[in-house]
Structure formats: structure tokens, C-alpha cells
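Report on the structure
Now for the letters of each chain:
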Amino acid sequence: MPPTTAHPAADRERLGLHADCESCFGLCCVALAFTRSADFPIDKDAGDPCRNLRPDHSCGIHPELRERGFVGCTVYDCFGAGQKISRSTFAGQDWREHPEVRSSMFALLPVLRHVHELLWYLTEAQALTLGHDESLAAELTQAVERIDLLSTGSPDELLALDLGALRDGVNPLLVRASEAARARSVHQPRGRRADRRGADLVGRRLAGADLRGASLRGALLVGADLRGADLRSADLVGADLRGADLSGADLTDALFLTQVQVDAARGDAATRLPAGLTRPAHWGAPPVARSRARRA
């Protein structure tokens, strides 16, 4: 494996961790179940094609998903698992033309997605560690190589993976990388950093809170009021930000924050995001700079 860089995007591209829907057989639109809720306007059983899935595996209402009530679709990311299953694991066998692979192909999507998500976090940890801790960097590189190799296994090998054990083996490395990065951050606050790992903060009023360098790993922040909060260098791996209000919040250099988390939250033009993440369209466009041109 080529050496990692300070920019995880290149490693993620090489590892195939970005979703490529055109190379996938619409697996997320079939394999996953929908429940009528604020995220979906219909019920759909796992294994049944979504009513919006076209014969060419594209979505018939993709530009209007949020407006049509399919918010859950807009915040889902397979981390590249869909196209790997479609083109590599099953060597291009379309589930419509090869019904014998349907059940194992659909069962494999959440498994390989989990594996790819771990690789996503590991690539960020590598970038955080590069040039600071050679020993930890080597351990992270070995973990990436090992898990990437697992991701290329046969359907039976992948379905037999113990995801809990795999996650437990990776988490200590991610924690070490996070703690070291937060300790040397220029945003490091004085005194003890907040440790809210796994905390139930659903709907909590945290507007303007100083959460610099805090550990919010796995925290439940559904619907939380984080307007104007300072989350610089906070560890947000696995934090549930659905419906959280990030208007005016500063997430510069927030650790392990994914586009899925950002898309699931609310924000505005004043919300500051880490490099590499895109401001969701439903947040509204950032303000347009005033023209300095002279009047005629």
C-alpha cells in the first residue's frame, strides 16, 4: 500500500470509499427497509425495490428526494460499499438478472458499509498522526491494510465477519489518534476537556457552548441546540446529529465528522465546517460577496 498523506481524500479515493451510484445496482434502494416517519413517506420491506427505483438502477426523483419526504435517502452514504459489492464482490452480476445472488448481495450491504466506514475513520486517523507519532502511524497503516484486505473477501467470508470484534480492534487506535490530535490542537481550551462520550444530549440546549476539544464520540445530539457552539477540534465520531441546529457553530478541524452527519443536521451560512465537507443545499446558500465595481 502506498504511504498515506496528510490529506485523507487521496487515500479514500484509492481505497474506493466514495459512493459511486452509477457503478452500483441500486443496492441501498432495495436492500434497506424504510419505515414511514419524518425520514420516509412510505413503508418498505428490506429486499423490496423502492417505488422510485428505475430499471437502470437510478432514482426517479433524486433531485426532489427531500421535497418528496425521502430525507433518509439524502443522508445515507454507503462509503463505496455499493459499487464494490456490485462490481467486485459479485463481479458485475445484476440482482435483477441473477436472482440467485439477491439475498446474499442485499445482506452484504450493511456489513461492507460498516467495514468501509471503519476504513474512512482510519484514513483520517492516519492523517492526524502523520509526522507526530511514527509508532501509532505504523499501527494505523497495518490496520488499514488488514481491513482493506478483508473488504475484498468472498460473500461468505464477509458475511461471517465479526463486526463487533473488528470495531473493538480499531477503536483504541482511533481514540489514541484523537487524544493526541486534540492535545496539540491550537484550539485546546485551558483545563480539562469535556468528556461526553455516549452522552444522551437529545434536544439539549447547548447554544454558545464551549466544546473545544471535547469528546462527543457516540453522543446523542438529536435535535440539540448547538447554535453558535464552539466545536473546534471536538471528536464527533459516531455522534448522532440528526436535526441538531448548527447555525453559526464553528466546527473547524472537528475530528471524524462525516458528510452524512452534516447532511442530517441543520445549519446556515455562518456555520463553519472542516475542509473537505460540503455545506448542504438545504442549509441555504452562503452569502454572496458584495461587488466592488463602480457604478456607471
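A few points on the structure. Everything numeric in this text was worked out from a predicted model, so none of it was measured. (Residues numbered from 1 in each chain as written. Predicted model: local features only at pLDDT ≥ 70, side-chain atom pairs only at ≥ 80, totals over all residues. Heavy atoms only, no water.)

**Examining the pattern of salt bridges**
When the charged atoms of two side chains with opposite charge come close together, those side chains can pair. Using the following cut-off: A side-chain nitrogen of Lys or Arg and a carboxyl oxygen of Asp or Glu constitute a salt bridge if their distance falls within 4 Å. Runs of E in the DSSP output that reach at least two residues are strands. Runs of H or I that reach at least four are helices, and both are numbered from the N terminus. Relative accessible area decides the class of each residue, using a 1.4 Å probe on protein chains only: under 20% of the type maximum gives buried, over 50% gives exposed, and in between gives partly exposed.
One pass over the full model with this rule turns up 14 salt bridges. A salt bridge links R212 to D210; its shortest N-O distance comes to 2.9 Å. With a shortest N-O distance of 3.4 Å, D235 and R217 are connected by a salt bridge. Taken together, the residues D235 in the loop between helix 8 (163-183) and helix 9 (259-264) and R217 in the loop between helix 8 and helix 9 connect sequence positions 18 residues apart. Look at D235 and you get buried, because its relative accessible area is 0%. With relative accessibility at 14%, the residue R217 sits in the buried group.

**What about the nonpolar core?**
The criterion, for reference: In this text, buried Ala, Val, Leu, Ile, Met, Phe, Trp, Tyr and Cys residues form a nonpolar core when linked through side-chain atoms within 4.5 Å.
Among the nonpolar cores identified, the biggest contains 52 residues, and L27, F70, I85, W95, M105, L122 and F256 are the most heavily contacted of them. Residue assignment for this core shows that the elements contributing at least two residues are helix 2 (28-31), helix 4 (81-89), helix 5 (102-129), helix 6 (134-150) and helix 8. Examining the composition of this core, we find that 14 residues originate from one element, helix 5, more than from any other. Ranked by size, the runner-up nonpolar core spans 28 residues in total, among them A229, L236, L241 and A265.

**Focus on unusual backbone geometry**
One non-glycine residue, F79, lies in positive phi territory at about 55°. Here F79 lies in the loop between helix 3 (71-74) and helix 4. F79 gets classed as buried once you look at its relative accessible area, which sits at 2%.

**Thoughts on helix 6**
The line we're drawing: In this analysis, the expected span of each helix is defined as 1.5 Å times one less than the number of residues it contains. The directions considered for the arc are those from the helix axis to the C-beta atoms. Here a residue-residue contact requires only that any non-hydrogen atoms of the pair lie within 4.5 Å.
A rise of 1.5 Å per residue sets the reference length of helix 6, with its 17 residues, at 24 Å; its end C-alpha atoms lie 24 Å apart and thus fit the reference within 8%. Taken residue by residue, helix 6 has L136, A137, L140, A143, V144 and I147 as its buried positions. With its buried residues spanning 120° around the axis, helix 6 presents them on a single face. For helix 6, exposure combined with an orientation more than 90 degrees from the buried face picks out E134, Q142 and L149. Packing partners of the buried residues in helix 6 comprise helix 1 (8-15), helix 5 and helix 8.

**Some details on helix 1**
Taken together, the buried positions of helix 1 are P8, D11, R12 and L15. In an axial view of helix 1, the angular spread of the buried residues amounts to 100°, which keeps them on one side of the axis. Following helix 1 by one or two positions, G16 has its phi on the positive side, about 70°.

**Digging into the side chain of S185**
Just so we agree on the cut-off: Here a polar contact is taken to be a pair of N or O atoms separated by no more than 3.5 Å, where protein atoms must pair a possible hydrogen donor with a possible acceptor and residues adjacent in sequence count only if both atoms sit in side chains.
Note on placement: S185 falls in the loop between helix 8 and helix 9. For S185, the side chain forms a polar contact with the side chain of S233, separated by 2.7 Å.

**Structural notes on the packing of aromatic side chains**
Counted only if it meets this: Each Phe, Tyr or Trp ring (for Trp, its six-membered ring) is paired with any other whose centre lies within 6.5 Å, and the angle between the two planes then decides the class: stacked below 30 degrees, edge-to-face above 60, tilted in between. Only Lys NZ and Arg CZ are tested; either one counts as a charge over a ring when it is within 6 Å of the ring centre and within 35 degrees of the ring normal.
Per the stated rule, a full pass over the model turns up six aromatic pairs. Relative to F256, the ring of Y121 has its centre 5.9 Å away and its plane inclined at 85°; by these criteria the two rings are edge-to-face. Of this pair, Y121 sits in helix 5 while F256 sits in the loop between helix 8 and helix 9; the two residues are 135 residues apart in sequence, bridging distant segments of the chain. Positioned above the aromatic ring of F34 is the side chain of K44, whose terminal nitrogen or guanidinium carbon lies 5.1 Å from the ring centre.

**With respect to the packing of helix 5 against helix 6**
Rule in force here: Angles shown run from 0 to 180 degrees and are taken between the N-to-C directions of axes, each axis being a line fitted to C-alpha atoms and, for helices, limited to the stretch in contact. Each angle is binned into one of four classes, with values under 35 degrees roughly parallel, values over 145 roughly antiparallel, values of 65 to 115 roughly perpendicular, and all other values oblique. By convention the crossing between two helices is left-handed if the near helix lies anticlockwise of the far one by an angle smaller than a right angle, and right-handed if it lies clockwise. Charged means Asp, Glu, Lys or Arg here, nonpolar means Ala, Val, Leu, Ile, Met, Phe, Trp, Tyr, Cys or Pro, and polar covers whatever is left, Gly included.
Following both chains from N to C, one finds helix 5 and helix 6 inclined at 160°, their axes separated by 9 Å at the closest point. By the criterion of interaxial angle, the relationship of helix 5 to helix 6 is roughly antiparallel. Between helix 5 and helix 6 the crossing geometry is left-handed. On helix 6, the residues touching V115, L119, L122, A125, Q126 and T129 of helix 5 are L136, A137, L140, T141, A143, V144, I147 and D148. Here the residues of the contact of helix 5 with helix 6 are counted per class, giving ten nonpolar, three polar and one charged.

Read these as spatial facts, not as claims about activity.
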